[in-house]
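Analysis of the macromolecular model
Each chain, letter by letter, is given below.
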Amino acid sequence: MRHRCWRSVLFVPGDRPDRVAKAVLRGADVVAIDLEDAVAPPAKEAARELTLEYLRTVRPARTTVRVNSWDSGELERDIERLAEVLPAVDAVFLPKVAEAADVARLVSLLDQAGGDGVPGVVPIIETAVGVFEARAIASASPRVVTMLFGVADLSADLDVEPTAEGRELAFARAQVVLAAAAAELAAPIDGPYLVLGEEDELARSAAAARELGYGGKAVIHPGQIKAVHAAFAPRPAEIAWAEKVVAVAEDGGAARLDDGSFVDQPVVRRARRILATAQEDGAL
């Protein structure tokens, strides 16, 4: 299991501060205050003001913000209004990133606005162009911590219906995983499963993302958090395997496990990551 930033990112409308306050308490690894898709154009300014006031007074831990995209004409205003509370934000999600220059321009805005309190950046890859530019986007700035795969927009781009298993987007998803790994970023975050109340389908969607190398998944309702955390937690069999591998490596003797599989340094590194993740999750 690769290093991850968050198992779950719960998106909450920026013009509903009551939901933001509740979301922080619902168990997601991080909450994303959404100024983009969850807020209608006439409510953008109100959402900025409410988000500013919330972050100014509450200053909660594990909070991020999804700003508007460059082509919306709203991004500069987002950063301008949020400048004073940037130290309270862990990361900024940037939608519809199409090239490395999009990230560089955001980082420049953040540097001008935030000084020493500039948060990390999470580009959202949700267009065909963005998928093919993912390698350059991942390496665009040291402030990029990981990437998020945007299911809804890319599905519309390709005119395909998103499914729980995600076969229709598997190639695009894999491109983002490879780009993040090549840039030595944390494992990327998969986009949300967009149908509420379908627990089995949500579990399959999260499992499919994990199999491709994702480290977590966005959620659109607190009820999705438990299933997503379960999907991205190390399984008991994985933990047992990792413990055996580390024990063999530390003994410096046998070069393979009882089942005949060989243990070399890449295998040991993976085992140590599994155990570290299990410890973070309280499974050890």
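Fair warning: this is a prediction, and the values are worked out from it, not measured in the lab. (Residues numbered from 1 in each chain as written. Predicted model: local features only at pLDDT ≥ 70, side-chain atom pairs only at ≥ 80, totals over all residues. Heavy atoms only, no water.)

1. Describing the pattern of salt bridges
Counting across every chain of the model gives 19 salt bridges. The residue Arg 56 makes a salt bridge to Glu 84 at a minimum N-O spacing of 3.0 Å. Here the residue Arg 56 occupies a position in helix α2 (residues 44-57), and Glu 84 occupies one in the loop between α3 (75-82) and β4 (91-94), the gap between them amounting to 28 residues. On the accessibility criterion, Arg 56 (36% relative accessible area) is partly exposed. Taking the relative accessible area as the measure of exposure, Glu 84 reaches 49% and is therefore partly exposed. Glu 165 serves as the salt-bridge partner of Arg 204, at 2.5 Å between the closest nitrogen and oxygen. Within this pair, whereas Arg 204 is found in helix α9 (residues 199-212), its partner Glu 165 is found in the loop between α7 (151-158) and α8 (170-182), the two being separated by 39 residues in sequence. Three or more residues are tied together by salt bridges with common partners; here these are Glu 45, Arg 48, Glu 74, Arg 77, Asp 78 and Glu 80. (Salt bridge = Lys/Arg side-chain N within 4 Å of Asp/Glu carboxyl O. Helix = DSSP H or I, 4+ residues; strand = E, 2+ residues; numbered from the N terminus. Buried < 20%, exposed > 50% of the residue type's maximum accessible area, 1.4 Å probe, protein only.)

2. Description of α2
Counted at 1.5 Å a residue, the expected span for α2 with its 14 residues is 20 Å, and the 20 Å between its end C-alpha atoms agrees. Considered for burial, the residues of α2 that qualify are Lys 44, Ala 47, Arg 48, Thr 51, Leu 52, Tyr 54 and Leu 55. Buried residues of α2, seen end-on, are gathered within an arc of 165° and therefore sit on one face of the element. Contact partners of the buried residues in α2: α1 (17-23), β2 (30-34), β3 (63-66) and α3. Positive phi shows up at Arg 59, right after α2, with a value of about 45°. (Expected span 1.5 Å × (residues − 1). Arc of directions from axis to C-beta. Contact = heavy atoms within 4.5 Å.)

3. Re the nonpolar core
Within the largest apolar cluster, 63 residues are counted, with the highest numbers of intra-cluster contacts made by Val 65, Leu 75, Leu 106, Leu 110, Met 147 and Phe 149. In terms of nonpolar packing, the next biggest core, distinct from the first, is built from 12 residues, Val 9, Phe 93, Val 122 and Ile 189 among them. (Core = buried A, V, L, I, M, F, W, Y, C linked by side-chain atoms within 4.5 Å.)

4. Focus on the packing of α3 against helix α4 (residues 100-114)
Interaxial distance between α3 and α4 falls to 9 Å at its minimum, and their mutual angle equals 25°. Of the possible angle classes, the one that applies to α3 and α4 is roughly parallel. α4 is crossed by α3, and the crossing has right-handed handedness. Residues Leu 75, Glu 76 and Ile 79 of α3 lie in contact with α4, whose contacting residues are Leu 106, Leu 109, Leu 110 and Ala 113. A breakdown of the residues in the contact of α3 with α4 according to their chemical character gives 6 nonpolar, no polar and 1 charged. (Axes fitted to C-alpha atoms, helices over the stretch in contact; angles between N-to-C directions. Parallel < 35°, antiparallel > 145°, perpendicular 65-115°, else oblique. Left-handed = near helix turned anticlockwise from the far one by under 90°. Nonpolar A, V, L, I, M, F, W, Y, C, P; charged D, E, K, R; others polar.)

5. So, the packing of aromatic side chains
Remark: the centre distance and the inter-plane angle together describe each pair of aromatic rings, the angle taken between the planes. The final tally for this structure, using the stated rule, is 3 aromatic pairs. Relative to Phe 93, the ring of Trp 6 lies with its centre 6.3 Å away and its plane at 40°, an arrangement referred to as tilted. Taken together, the residues Trp 6 in the segment before β1 (8-13) and Phe 93 in strand β4 connect sequence positions 87 residues apart. Residue class for Trp 6 comes out buried when judged on its relative accessible area of 14%. Taking relative accessible area as the criterion, Phe 93 reaches 0% and is therefore assigned buried. Between Phe 149 and Tyr 214, the ring centres sit 6.5 Å apart and the planes meet at 65°, which makes this aromatic pair edge-to-face. (Phe/Tyr/Trp six-rings, centres within 6.5 Å; stacked < 30°, edge-to-face > 60°.)

6. Focus on the layout of surface pockets
Size it by volume and the largest pocket reaches roughly 320 Å³. Elements that contribute at least two residues to the lining of the largest pocket include exactly β1, β6 (148-149) and α7. Its residues placed into classes, the lining of the largest pocket shows 13 nonpolar, 1 polar and 5 charged. (1 Å grid on protein atoms, 1.4 Å probe; cavity = no way out; pocket = protein on both sides within 12 Å on 5 of 7 lines; lining within 4 Å. Points joined across faces, edges and corners; volume = space filled by probe spheres on them.)

7. Notes on the domain arrangement of the protein
Put simply, an interface is often sized by how much accessible area is lost when its parts join up. Taken domain by domain, the protein comprises domain 1 (8-232) and domain 2 (236-281). Here domain 1 and domain 2 have C-alpha centroids that lie 33 Å from each other. (Domains from an automatic or database assignment.)

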